[in-house]
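Structural overview for review
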Amino acid sequence: MKIVIPSSGKTIDSMMDERFGRAGFFLIYDTDTDEYQFLENTWLGQQHGVGVRTSSVIAEKGVSVAIVPHIGPKAGDILRESGIDVRTSEIKPLKQIIEELKNG
């Protein structure tokens, strides 16, 4: 299963970003293979619709779950309509979130 987490940086030691649409990066972690990749958010310079654009791209990546501290209503709707389970979490290091996923 692929999981997306908004990230403040592009390493596994980065913190979860407090924003979804305006996060600098997104970690996509595959629980089946234990592999991950980072996507850079190229829409940060846009004034409007960043969360919507970001959600659309994330939906195309085969993600099943989004773990976020907060997400706007439009971005959340796009993810949910794409079949992505949106879960909230307190802000933590990405490495800690992954360990928690592994440990159930």
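In this report, we go over the structure that sits alongside the text. (Residues numbered from 1 in each chain as written. Predicted model: local features only at pLDDT ≥ 70, side-chain atom pairs only at ≥ 80, totals over all residues. Heavy atoms only, no water.)

1. Some points on the pattern of salt bridges
Any two side chains of opposite charge can pair, given that their charged atoms come close. Overall, the coordinates contain 6 salt bridges when judged by the stated rule. Salt-bridge contacts for aspartate 17 lead to arginine 19; the nearest nitrogen and oxygen are separated by 3.0 Å. Among the residues examined, aspartate 17 registers a relative accessible area of 6% and is labelled buried. For aspartate 85, the salt bridge goes to arginine 87, with nearest N and O atoms at 2.8 Å. Each of Asp34, Glu99 and Lys102 takes part in a single network of salt bridges with overlapping partners. (Salt bridge = Lys/Arg side-chain N within 4 Å of Asp/Glu carboxyl O. Buried < 20%, exposed > 50% of the residue type's maximum accessible area, 1.4 Å probe, protein only.)

2. As for the pairing of strand E1 (residues 2-7)
Across the 6 residues of E1, 5 count as buried, placing the element largely inside the fold. Alignment of E1 against strand E2 (residues 25-30), held across 6 bridges, turns out to be antiparallel. Looking at E2, one finds that isoleucine 5 is bridged to leucine 27. As defined by bridge partners, E1 adjoins strand E4 (residues 65-68) across 2 bridges and the pair is classed as parallel. Residue pairing across strands places isoleucine 3 opposite valine 65, the latter belonging to E4. (Helix = DSSP H or I, 4+ residues; strand = E, 2+ residues; numbered from the N terminus. Pairing = 2+ DSSP bridges.)

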